[in-house]
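Spelled out from the first residue to the last, the chains are:
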Amino acid sequence: MKKRIFTYLLILCTALFCLGGCAEKSREGDNGPAPSPERKGVSTSNTGFFFDTVVTLRLYDARDGLMDEIMSACGRYEALLSKTVEGSDVWRINHADGQPVQVSEETWQILQSAKHFYEISDGAFSITLAPVIALWGFTDGSERMPTDEERLTALALVDDSQLKLEGDRMVSLPAGMSIDLGGIAKGYIADKIAEMSEGNVSGAVLNFGGNVYVVGLKPDGSEYRIGIRDPQGTENDSKAILTVHDTSVVTSGIYERYFIKDGVWYHHILDPKTGMPAENELMSATIVSKSSMEADAMATICIVLGAERAQEILKAQGFDAVLLTKDNQSIVTDAFPYQIHFVQ
Ligand code: AMP
Ligand code: MG
């Protein structure tokens, strides 16, 4: 847990560090940021622990009370979406024993999106992977390698097509199955907090453990510089710097949560076909998108599919991304519209 918190803090520090000293770049073909309060340079920041992640928020020239509203919204989302909070929408779905459950509009939207990404990824993105995820213990810190028998038994409970979304936000799942929104919920929350900020700040950097959303501009009127971690380096080394405004930058990496056993690296992004950590040439996938939720799901999908299929799906779905490989290659999608500067 300590290692994880440290990692998140470092990702954030990289993002915040990059806030200084960057010249504004042209934003051709773009209408620029939404109107926002006058830029006075008053900065407020806050840190919390939500969604099993360190959340760090920095707001510039925020309207009075906005930070408190955002922090309580984070608490509300956690109470709705956490698998472990008794009475949350996800908890109720997982404990309904096959009975339909009515969920909130927020949960409904995430579930619909999760279904969409399950379908377009041919099952690489799967929220019903929860029983297998639980076996590996990456989320509760009880990390261990399941036996083949445990893994195969849990895999039999994985099938997102069995998750039924019916009229009036009714959700049902066969008894024994369960869902985990860890691969998509933070993106949804980042989008919602960004929406709350727009028009109420001159700028903001919202970091939900690797799902970063930047709103508006920095106090000096320039864009934000967001570092993409170098997976081969230490936690505060950047492989590349993106210059962006009003967008989300989401990275999934196999170094985020892992353990090493008998010299083998086991990480937290699992291949739903095998129940094992995805094994291919990719170390990280960074998606830049106005929708942090979509970027979140796509980043996870890329890691599961590997470089070649990831590039195909990114192209087919129209996402801009940077993929970093184990042999130190950087793959940038065609016609990448953001300024990217490779370090070294
Ligand atoms: P991310 O860091 O966004 O890629 O999300 C990783 C988290 O998503 C894990 O900690 C699991 O909770 C969950 N997860 C792991 N593998 C998958 C998968 N193939 N599809 C959907 N969610 C997954
Ligand atoms: Mg994800």
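Quantities reported herein were computed from a predicted structural model and do not represent experimental measurements. (Residues numbered from 1 in each chain as written. Chains lettered and ligands numbered in written order. Predicted model: local features only at pLDDT ≥ 70, side-chain atom pairs only at ≥ 80, totals over all residues. Heavy atoms only, no water.)

Student: Can you explain the sheet that holds strand E6 (residues 203–208)? Please cite residues and give values.
Tutor: Spatially, 8 strands are ordered E1-E2-E6-E7-E10-E15-E16-E17 in an open sheet, and the strand pairing comes out antiparallel. The sheet terminates laterally at strand E1 (43–50) and strand E17 (330–332), the two strands that pair on one side only. Here the average twist between neighbouring strands, direction ignored, is 10°. Contacts from helix H2 (residues 66–81) reach E1, strand E2 (53–60) and E6, with the element oriented near 15° to E1. (Pairing = 2+ DSSP bridges. Helix = DSSP H or I, 4+ residues; strand = E, 2+ residues; numbered from the N terminus. Axes fitted to C-alpha atoms, helices over the stretch in contact; angles between N-to-C directions. Contact = heavy atoms within 4.5 Å.)

Student: Tell me about the nonpolar core, and name the residues and values.
Tutor: A general trend in soluble globular proteins is that nonpolar side chains are found buried together. Counting residues in each nonpolar core, the largest one holds 72 residues, and the members touching the most others are Ile179, Leu181, Ile193, Leu206, Phe208 and Ile287. Looking at this core element by element, the count peaks at 10 residues for helix H8 (residues 292–305). (Core = buried A, V, L, I, M, F, W, Y, C linked by side-chain atoms within 4.5 Å. Buried < 20%, exposed > 50% of the residue type's maximum accessible area, 1.4 Å probe, protein only.)

Student: Account for the packing of aromatic side chains, with residues named and values stated.
Tutor: In the structure shown here, the tally under the stated rule is 9 aromatic pairs. Residues Phe336 and Tyr338 carry aromatic rings whose centres are separated by 5.5 Å and whose planes lie at 70° to one another, so their mutual orientation is edge-to-face. Judged by relative accessible area, which is 14%, Phe336 ranks as buried. An aromatic cluster of at least three residues, connected via ring pairs, comprises Trp136, Phe138, Phe259 and Tyr266. (Phe/Tyr/Trp six-rings, centres within 6.5 Å; stacked < 30°, edge-to-face > 60°.)

Student: Any chance you could break down the coordination of the magnesium ion (ligand 2) for me, citing the residues and the numbers?
Tutor: Binding of the magnesium ion (ligand 2) to the protein goes through Gly183 (O), Asp296 (O), Asp296 (OD) and Thr300 (OG1), at separations of 2.0 to 2.5 Å. Sequence spacing of the donor residues for the magnesium ion (ligand 2), all on one chain, is G-x112-D-x3-T. Note that Gly183 is positioned in the loop between strand E5 (170–172) and helix H7 (185–197) and Thr300 in helix H8, a separation of 117 residues in sequence. The exposure class assigned to Thr300 is buried, which follows from its relative accessible area of 14%. (Donors = N, O, S within 2.8 Å, 3.2 Å for Na, K, Ca; no water.)

Student: Report on unusual backbone geometry, specifying residues and quantitative values.
Tutor: In the Ramachandran plot, Asp97 falls in the positive-phi region, its phi being about 55° despite a non-glycine side chain. In this fold, Asp97 is placed in the loop between helix H3 (89–94) and strand E3 (101–102). Using a relative accessible area of 62% as the deciding quantity, one classes Asp97 as exposed.

Student: Break down the site of ligand 1 for me, citing the residues and quoting the values.
Tutor: Looking at ligand 1, there are 17 residues lining it, with Ala124, Ser252, Leu270, Asp296 and Thr300 nearest. For ligand 1, a nitrogen atom lies 3.0 Å from a polar atom in the backbone of Ser126. The contact in question runs from an oxygen atom of ligand 1 to an N or O atom on the side chain of Glu256, over 3.1 Å. Relative to its unbound accessible area of 500 Å², ligand 1 is 95% covered by the protein chains. Cavity membership is defined here by more than half of the atoms lying within 2 Å of grid points; on that basis ligand 1 lies in the largest pocket. The biggest single contributor to the shell around ligand 1 is H8, with 3 residues. (Near = heavy atom within 4 Å. Polar contact = N/O pair within 3.5 Å; in protein donor to acceptor, adjacent residues only side chain to side chain. Areas by Shrake-Rupley, 256 points an atom, 1.4 Å probe, with all protein chains shown as cover. 1 Å grid on protein atoms, 1.4 Å probe; cavity = no way out; pocket = protein on both sides within 12 Å on 5 of 7 lines; lining within 4 Å. Sits in = over half its atoms within 2 Å of the grid points.)

Student: How would you sum up the layout of surface pockets? Please name residues and give values.
Tutor: Estimated volume of the largest pocket: approximately 980 Å³. Around the largest pocket sit 42 residues that line it, and Thr139, Asp180, Leu181, Gly182 and Gly183 are the ones nearest its centre. Residues of the lining of the largest pocket, tallied by class, amount to 19 nonpolar, 14 polar and 9 charged. (Points joined across faces, edges and corners; volume = space filled by probe spheres on them. Nonpolar A, V, L, I, M, F, W, Y, C, P; charged D, E, K, R; others polar.)

Student: Break down the pattern of salt bridges for me, with residues and values.
Tutor: Taken as a whole and judged by the stated rule, the model has 10 salt bridges. A salt bridge links Arg144 to Glu150; the shortest N-O distance between them is 2.8 Å. Using a relative accessible area of 37% as the deciding quantity, one classes Arg144 as partly exposed. The class for Glu150 is partly exposed, based on a relative accessible area of 27%. Two residues, Lys261 and Asp262, come together in a salt bridge whose shortest N-O distance is 3.7 Å. (Salt bridge = Lys/Arg side-chain N within 4 Å of Asp/Glu carboxyl O.)

Student: Give me the confidence of the model for the protein: which residues, what numbers.
Tutor: Overall, the predicted model of the protein reaches an average pLDDT of 90, with 90% of residues at or above 70. Low confidence marks residues 1–30, where pLDDT is under 50. Its contacts with residues over four positions away, or in another chain, come to 68 contacts. (pLDDT = per-residue confidence, 0-100.)

Student: Hey, could you go over helix H9 (residues 307–317) for me, with residue numbers and the actual values?
Tutor: Of the positions making up H9, those classed as buried are Ala307, Ala310, Ile313 and Leu314. Down the axis of H9, the sector holding all buried residues measures 130°, keeping them to one side. The exposed set on the far side of H9, more than 90 degrees from its buried face, consists of Glu308, Lys315 and Ala316. Within two residues after H9, Gly318 carries a phi angle of roughly 75°, on the positive side. (Arc of directions from axis to C-beta.)

Student: Could you give me a rundown of the pairing of strand E11 (residues 258–261), with the residues and numbers involved?
Tutor: Summarising the sheet, E11 and strand E12 (residues 264–267) pair through 4 bridges and their orientation is antiparallel. Of the residues in E12, the one forming a bridge with Tyr258 is His267. The hairpin turn running from E11 into E12, its antiparallel successor, is 2 residues long, and Asp262 in that turn takes a positive phi close to 50°.

Student: Tell me about the sheet that holds strand E8 (residues 224–229), and please be specific about residues and values.
Tutor: The antiparallel open sheet is built from 3 strands, whose spatial order is E8-E9-E18. Strands at the two margins of the open sheet, each flanked by one partner only, are E8 and strand E18 (339–342). Ignoring strand direction, the axes of neighbouring strands in this sheet form an average angle of 25°.

Student: Describe in detail helix H6 (residues 148–155), supporting the description with residues and values.
Tutor: Buried within H6 we find Arg151, Ala154 and Leu155. Along the axis of H6, the buried positions cluster into a sector of 100°, meaning they face one direction only. Exposed residues on H6 whose side chains face more than 90 degrees from its buried face are Glu149 and Thr153. On its buried face, H6 sits against helix H5 (130–136) and strand E14 (276–277).

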